[in-house]
Each structure stands twice: as C-alpha cells, then as structure tokens.
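Listed below, chain by chain, are the residues.
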Amino acid sequence: MTARSTTAALPVPAAGSADAVHALLAAGSIANARRVSYDLDTTLLPQAVDSPGIDKKTARLLDALAAILVSRAQHEVIAIGAQVQHSNDLSDHSGKLQLVLAANAALPQTIQAYLEEAWKCMQLLAEHRQQLRLPEAKDQTTEILTVDSSVHGWLNLYRLFQKKLFVEIVDYPRMRVTLPTSKDAWATLIDTALNSAKPLKPIEPQVIQNTVVALSTRFSDKSVSCEIHCECKILQRFTTTAYKIKPINYIGVSKLSCIGCAAVFDSYNELQNSRGHRFYTRGAHGKWYFPWFLPKVGGGVKQIDFTNLVYTKLAGQYAQYLKTVALSDSSALSEGSQEVSGTPEDFMYHRATILEFFGLNKTWKGWTALMAKGGTRR
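Residues numbered from 1 in each chain as written. Predicted model: local features only at pLDDT ≥ 70, side-chain atom pairs only at ≥ 80, totals over all residues. Heavy atoms only, no water.

1. Here's the deal with the state of the cysteines
- Under the criterion given, the structure shown has zero disulfides.
- Left without a disulfide partner, cysteine 258 is nearest to the cysteine sulfur of cysteine 261, which lies 3.6 Å away. (Disulfide = S-S within 2.5 Å.)

Below you can see the structure in the form of structure tokens.
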C-alpha cells in the first residue's frame, strides 16, 4: 500500500491577486529568450519625450547618475528619484535637492559619500559651462524643467546645481512569496491567465504541458524570498509619502526595466485621473524576471485595482509570450535575477550624455580635469 503524502496541496492563487501576479512573473522567467516586441506603454529615452511634465535633459541626468553609481559587474541595478525645494525668492538659487536612491541589492556603505562627491564635480562642470556661454546668453532660461506648476512654475534646469544636496536611501524588507508546487496547480494558473487574456489563437497543448513540467521542476519549494525592484521601491516611496512638493515625475534607472516593473508603472499611470501625478522611467527591455515582489502604491490609487490591472496586463503579455517565445529546457532555466549591470554601449551612452549636457563636446579632457579638481574617484 502506498503511503499518502502528508504535504497539503497549496491552493492556486486567485486571478487578479498579488500571489497570481508573482506566479505569472515566475512562470515567465523560466525562458532565457528575449521578447521580440513589447506592448505595454513606456516612455523610451533618449528618444523624443512626449509625456507631459518630463524634461529630456533632467531625465538623462537622473539616468546617468544612476549609471555611475553602479559598482558591480553583475546583480546590481540602481534607481534615482528626485525632489526639488526652492526658496520663495525665484531670484535666489538657494534651496535643496533631495535624491532618493534604491537598488535591487544591498548598496555599498560608501555610495552616499561617492554621490555627494560626484555632485560637487558636476557642479563644477555646470559652472564651467556657464563661463563658456556668451554673456548675453547667461541669463536665458531656454533649458528648463517643469515641476509642480501650482507652486513653482518653470525653473531653470541649471539651478539644480546650486542646491544643497540631500541623499536618502530607500529599502524595504524582502518578502516570502508562495508559489504553486504541483503540475495541476501550475496548469490551472496558466489556464486562468489565458482565459483572462483571451488570446485570438489557442495555445498548443504541448507548449502548456512543457511549461507546466518546467515550472513544477524549477519551483519545487513552497516559497521564495523576493525583493521589490529598485524603480518600484522609489515609486512606492513617492506615492505613499505625503509630500508638500511633488517629486520629479521621472525616475532614473541604470538599465531598462523588466516586464513586471513596466506593468507596474503602466498600471499606476493608467489609474491616475487627468490631474494625477504620473511617474515614468527610460523604458523596458521586455524580459521576465523572478524573484520579484509587487510594490504598494498610494497617490489616490486603490491597491486592489492596481494589483488587478497589473495582473491583467501580465496575463495578456504571458499569452503572447507562450505563442512567440520558445521555452528553454530545464537545464537552462533562468535564475530570475538581473545579471548584467550595464553593457559597454550603456556606459558610452551615459558618458556622452553627461558630456553633452555640460557642452564639453563629448571629450574626456574637461571631465578629467574637473574630476581631478573636485575630488577622487572610487
């Protein structure tokens, strides 16, 4: 007589729940192939910025700051958000700039001091550019940044470098996510997601069967320790904190966002009313990553509506994913972490961005001299 298992079967996560969102991200992460296309609405830079309230130079500056803070070759992604507080006198350049940092892993203890040192060097670069401008052009404000117009209106972008810098590091504890463990539970989860997505063509049964086998093999443990991705940490901080002055609605990231983070930003922005404060990143690369944890949001958005919309968007993407991406075999399953911190092309882009921003004609001479004057590198 066969002994009966004493392990109780775990229930299938309900459609539209946070557990179902996590399970869908886990299901998508088992393939190493890269998505050919990506359908969720994203704001891509350095392409033309067509989203209201985003200044391209400010967005590039935040992306570049996030990139130069990366110190590890792998498993490190950094995001930066910003809030500007100006003096009441618009002719006075005093005030403060608060930069909010988050990462997908523990940040080095020296990162705050390094950012403050890098900011001093960039202040020198800003002053250097001002000195290069024609005297009659120095007072022009052709390059400006939009923030909360009800309080400050239009501000000169270069005034940012006159501010006193404050740095805040945001982190949230890792959370345990419960996943299905049996083939039947994974099959039910996929079937529910496909019913929600209503694909035009049915998915081949063999594809679903192979997926179920791979998932039950890969995720044999009942729970997985998960972290909120860095750009979502800043979104949670910005939307659940009562700021008198709203943060800049662009969050800089050292690399493109994964499909889960893109669905988070897209869902939050969609649920905002016409006067709501939306947030954007540079865009998404269309890959599925797990472990991953759903952030909490505020800003007038109900968490239950937000979670359900994230699930709906991911279910639609997962249906396309099963149709267009060949599943990898079980020996090549993805670990779900963001492995590469940046490519040489990313580095060249951010270097050129900083030099172009300060009008240094994309050469290293001005940067090297001012770095030597302003401080040492890490």
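Once the structure has been displayed, the description carries forward.
2. Side note on the nonpolar core
- Grouped together as the largest cluster of nonpolar side chains are 60 residues, with contacts concentrated most on Leu179, Trp186, Phe290, Trp292 and Leu314.
- Mapped by element, the contributors of at least two residues to this core are α1 (18-28), β2 (95-103), α4 (183-197), α5 (205-218), β7 (223-226), α6 (230-239), α7 (259-271) and α8 (303-324).
- A total of nine residues in this core trace back to one element, the largest contributor, which is α8.
- Among residues more than four places away in sequence, those in contact with tryptophan 292 are Val21, His22, Leu25, Cys226, Glu227, His229, Cys258, Gly260, Cys261 and Val264.
- In terms of nonpolar packing, the next biggest core, distinct from the first, is built from 30 residues, Ile78, Val84, Ile111 and Leu160 among them. (Core = buried A, V, L, I, M, F, W, Y, C linked by side-chain atoms within 4.5 Å. Buried < 20%, exposed > 50% of the residue type's maximum accessible area, 1.4 Å probe, protein only. Helix = DSSP H or I, 4+ residues; strand = E, 2+ residues; numbered from the N terminus. Contact = heavy atoms within 4.5 Å.)

3. Considering the sheet that holds strand β8 (residues 252-253)
- Judged by pairing direction, the sheet is mixed, and its four strands sit side by side in the order β5-β2-β1-β8 without closing on themselves. Sheet topology places β5 (164-169) and β8 at the edges, where each strand pairs with a single neighbour.
- Of the strand pairs in this sheet, β2 and β5 are connected by six bridges, and their pairing is parallel. The residue bridging glutamine 98 from the neighbouring strand is phenylalanine 166, located in β5.
- Where α6 meets the sheet, it contacts β1 (78-86), β2, β5 and β8, and its direction lies at approximately 30° from that of β1. (Pairing = 2+ DSSP bridges. Axes fitted to C-alpha atoms, helices over the stretch in contact; angles between N-to-C directions.)

4. A closer look at the confidence of the model for the chain
- Mean pLDDT over the chain stands at 75; residues scoring 70 or higher make up 68%.
- Segment residues 1-8: pLDDT under 50, and one contact once partners within four positions in sequence are set aside and those in other chains are kept.
- pLDDT under 50 marks residues 32-50. Its contacts with residues more than four places away, or in other chains, come to 54 contacts. (pLDDT = per-residue confidence, 0-100.)

5. Things to note about the pattern of salt bridges
- Per the counting criterion, the structure on display carries eight salt bridges.
- Aspartate 266 is the partner of lysine 313 in a salt bridge, and the nearest nitrogen-oxygen pair spans 2.9 Å. Placement of the pair is lysine 313 in helix α8 and aspartate 266 in helix α7, with a sequence separation of 47 residues. Aspartate 266 carries the same exposure label as lysine 313, and that label is buried.
- Through salt bridges with shared partners, one network takes in Asp171, Arg174, Glu227 and Lys233. (Salt bridge = Lys/Arg side-chain N within 4 Å of Asp/Glu carboxyl O.)

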